[in-house]
Amino acid sequence: MVKEQKTHTGRNVDAAGHDRNLKREMAGRPSNSDSSATYDLILSQARSLLQKEGMEAVTVRKVAGLAGVGSGTLRYYFATHEELLEACLDSYHEGLRELQAKLSTELLSATSPQAAIRFCIESIFDYLEANAECARMRSILTTRKGGMPTSRHSHFRGPFLAGAAMVLSQVSKKPLREMRLVADAANRLISSYAISSDEEACHVTGLTDVAEARKELRTYSVKLCCQLIFDTVES
C-alpha cells in the first residue's frame, strides 16, 4: 500500500508527490482532465513561467493556455490563484529542508563552529540566490498575508526554525528560544540580500560592478549573522 502524506493544501499525495485524492474525486471532474497527469502538467507550466518570467506572469489564464486546458479545469486542481502559486513553491521548500538537514549534520561535527557557521550561511545565500524567483514569490506572498499559510508553518517553517535553533543553541551555548529568533532574523536578512536584483545590489553597496556588489552582499550577510549568533563581528 502506498503511503500518503498531506501537502500544504491539505490534499493527500503519494510518495511520488501525486495527488491521490484527484483519482477519487470523480464528481464534477472536467471532461478533459486526467487526474495526476494533468495536475503535474499544470504545475510544471506554472513553475516554468515563474522561473522564466517571474511571479507576475503566473496567471490562471496563461498557465491554463500553456498546459492546454481550460481555466475551469485548472481551478478544479487549484481552487485559487494563491493555491497554484503556493504549489509552485513545494519543491523550493523541500530543497531548503534538505539543505538544512545536510548543513546541520556538518555543523554539529565541525571542529571550528564559526567557520562552519560561515559555510552554512554562504550555502543558504547561494541556494536562495540560485532560486531567486521562488524566494521572491515566497517573500511577496508572506508579506501580503502577514505570514505564511498555517500549513506551511506546521510542515515547513516551524520544523525549520526548531531544527536551526537546536543546532545553533548547541554551537553557541545560548538559550534555545533566543536562537530560534536569531535563526528567523538571519533567514530574513540572508533572503533580503540574496533575492536583490543586480541593480538593487549595486545601489545598496555603491558599487558599479554587479559581481562585486553581489559578493559584498554575501560577505556582509555572513558578518551580520555571525554577530547575531556569537556576539562578535566576523573579520
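Small disclaimer: the values here were computed from a predicted structure and weren't measured. (Residues numbered from 1 in each chain as written. Predicted model: local features only at pLDDT ≥ 70, side-chain atom pairs only at ≥ 80, totals over all residues. Heavy atoms only, no water.)

Enquirer: So what exactly am I meant to see when it comes to the overall build of the chain here?
Expert: When helices and strands are tallied, the chain shows 12 helices and 2 strands. Reading the helices (α) and strands (β) of the chain from amino to carboxyl end gives β-β-α-α-α-α-α-α-α-α-α-α-α-α. For the chain, the proportion of its 235 residues judged to be buried stands at 45%. Counted over contacts in the chain with a minimum sequence separation of 6, partners at least 24 positions apart contribute 57%. Carbon together with sulfur atoms contributes 54% to the accessible area of the chain, which is approximately 12,400 Å² in total. (Helix = DSSP H or I, 4+ residues; strand = E, 2+ residues; numbered from the N terminus. Buried < 20%, exposed > 50% of the residue type's maximum accessible area, 1.4 Å probe, protein only. Contact = heavy atoms within 4.5 Å. Areas by Shrake-Rupley, 256 points an atom, 1.4 Å probe, with all protein chains shown as cover.)

Enquirer: Would you take a moment to explain empty space enclosed by the protein for this structure?
Expert: For the structure shown, the criterion picks out 2 cavities of 30 Å³ or more. Computed from the structure, the largest cavity encloses a volume of approximately 320 Å³. As for the largest cavity, its lining consists of 19 residues, and the residues nearest its centre are Cys120, Ile124, Phe160, Ala164 and Leu168. Of all the elements in the fold, those that place two or more residues in the lining of the largest cavity are α6 (90-108), α7 (113-130), α9 (150-172) and α10 (176-194). Ranked by residues supplied to the lining of the largest cavity, first place goes to α6 with 6 residues. Its residues assigned to classes, the lining of the largest cavity comprises 16 nonpolar, 3 polar and no charged. (1 Å grid on protein atoms, 1.4 Å probe; cavity = no way out; pocket = protein on both sides within 12 Å on 5 of 7 lines; lining within 4 Å. Points joined across faces, edges and corners; volume = space filled by probe spheres on them. Nonpolar A, V, L, I, M, F, W, Y, C, P; charged D, E, K, R; others polar.)

Enquirer: Got a minute to help me understand the pattern of salt bridges in this structure?
Expert: Here the idea is simple: oppositely charged side chains can pair when their charged atoms come close. Inspection of the entire model under this criterion finds 13 salt bridges. Here aspartate 126 and arginine 218 are joined by a salt bridge, their closest N and O atoms 2.9 Å apart. Taken together, the residues span a long stretch of sequence, with aspartate 126 in helix α7 and arginine 218 in helix α12 (residues 210-230) at a distance of 92 residues. For aspartate 126, a relative accessible area of 33% gives the class partly exposed. Taking relative accessible area as the criterion, arginine 218 reaches 26% and is therefore assigned partly exposed. With a closest N to O distance of 2.8 Å, aspartate 231 and lysine 174 form a salt bridge. (Salt bridge = Lys/Arg side-chain N within 4 Å of Asp/Glu carboxyl O.)

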